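Coordinate inspection notes
What follows is the residue order along each chain.
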Amino acid sequence: METPLRKDEDAPLKGIRPNIVQSIRAFRVPDLQQAATQLNQHFLYANLSNAQSKQDILDMIAAQYTFPAHFGKNFDALYDCMTDLVHKSGPQTGFIVVLEHIPAHAKFDKEAREQLLDIFRDAADYWADRKIPFRCFYSFL
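Quick look at the structure, then. (Residues numbered from 1 in each chain as written. Predicted model: local features only at pLDDT ≥ 70, side-chain atom pairs only at ≥ 80, totals over all residues. Heavy atoms only, no water.)

Core analysis: the largest hydrophobic core is formed by 37 residues, its most contacted members being Ile61, Tyr65, Leu78, Met82, Leu99, Phe120 and Phe134. Counting residues per element, this core draws most heavily on helix H4 (residues 110-129), which supplies nine residues. The contact partners of Tyr65, leaving out residues within four places of it in the chain, are Leu44, Tyr45, Ala46, Met82, Val97, Val98, Leu99 and Phe120. (Core = buried A, V, L, I, M, F, W, Y, C linked by side-chain atoms within 4.5 Å. Buried < 20%, exposed > 50% of the residue type's maximum accessible area, 1.4 Å probe, protein only. Helix = DSSP H or I, 4+ residues; strand = E, 2+ residues; numbered from the N terminus. Contact = heavy atoms within 4.5 Å.)

Written out as structure tokens, the structure is:
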């Protein structure tokens, strides 16, 4: 049985604000998953390396985060699933979210990438207002 992280332990989240969206940089996905387990937080992982379009990205996130079948497959519905739907499901302990290999090409350009990350920034703000940690890490392909 793993013991919970103590505040003085060197952990992958040491020094990371509780509500942030940032590049994954030196963090490794398995370390983030282990931190989520130790902190008793939800770990949501999406590998988007095969996505070619905004619709592909929404489909992959919905499938990998196990959104309900009625997910509307647009950015507004993504925000609703990351906030309201989860909030209504009961008390939450926190979230470590990974968006790995967000495509960077003509069909999913810089503006589309920023719109996607803005959804997660807004979700981080939503959870911050409720004093629930929400850390999102991303990388580009």
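Attention shifts here to the sheet that holds strand E4 (residues 134-140). As summarised here, the arrangement of the four strands in space is E1-E4-E3-E2, forming an open sheet in which the pairing is parallel. Two strands bound the open sheet, and with one partner strand each, they are strand E1 (19-23) and strand E2 (42-47). Taking each pair of neighbouring strands and ignoring which way they run, the sheet shows an average axis angle of 10 degrees. Here six bridges tie strand E3 (residues 95-102) to E4, and the two strands are oriented parallel to one another. (Pairing = 2+ DSSP bridges. Axes fitted to C-alpha atoms, helices over the stretch in contact; angles between N-to-C directions.)

What follows deals with H4. Here H4 spans 28 Å end to end across 20 residues, near enough to the 28 Å set by a 1.5 Å rise per residue. Among all positions of H4, only Ala112, Arg113, Leu116, Leu117, Ile119, Phe120, Ala123, Ala124, Tyr126 and Trp127 are buried. Each buried residue of H4 lies within a common arc of 165 degrees when the element is viewed along its axis, so the set occupies one face. Residues of H4 that are exposed and point more than 90 degrees away from the buried face comprise Lys110, Glu111 and Asp129. Where H4 is buried, its residues meet E1, helix H2 (54-64), helix H3 (75-88), E3 and E4. One or two positions beyond H4, positive phi appears at Lys131, with a value near 60 degrees. (Expected span 1.5 Å × (residues − 1). Arc of directions from axis to C-beta.)

On a regular strand, each side chain points to the face opposite its neighbour's, so the side chains alternate between the two faces of the sheet. Most of E4 is tucked away, with six of its seven residues classed as buried. Relative to E4, E1 runs parallel, the two being bridged by five bridges. In the sheet register, Asn19 faces E4, and the bridge partner there is Phe134. Taken together, E3, H4 and E4 constitute a β-α-β crossover, and its handedness is right-handed. (Right-handed = clockwise from strand over helix to strand, strands pointing away.)

This part is about the pattern of salt bridges. Tallied over the entire structure, the rule returns four salt bridges. Here Arg28 and Asp31 are joined by a salt bridge, their closest N and O atoms 3.2 Å apart. For Arg28, a relative accessible area of 49% puts it in the partly exposed group. For Asp31, a relative accessible area of 25% gives the class partly exposed. Measuring nitrogen to oxygen at the nearest pair gives 2.7 Å for the salt bridge that ties Asp118 to Arg121. A residue pair is termed a helical-turn pair when its members lie 3 or 4 positions apart in one helix, as Asp118 and Arg121 do in helix H4 at three residues. A relative accessible area of 36% means that Asp118 is categorised as partly exposed. (Salt bridge = Lys/Arg side-chain N within 4 Å of Asp/Glu carboxyl O.)

In the structure shown here, the tally under the stated rule is nine aromatic pairs. Considering the side-chain rings of Tyr65 and Phe67, the 5.9 Å spacing of their centres and the 75 degrees angle between planes classify their relative orientation as edge-to-face. The class of Tyr65 is buried, set by a relative accessible area of 5%. Taking NZ or CZ as reference, Arg113 lies 5.4 Å from the ring centre of Phe140, over its face. Sitting over the ring of Tyr126, Arg130 keeps its end group 3.6 Å from the ring centre. (Phe/Tyr/Trp six-rings, centres within 6.5 Å; stacked < 30°, edge-to-face > 60°. Lys NZ or Arg CZ within 6 Å of the ring centre and 35° of its normal.)

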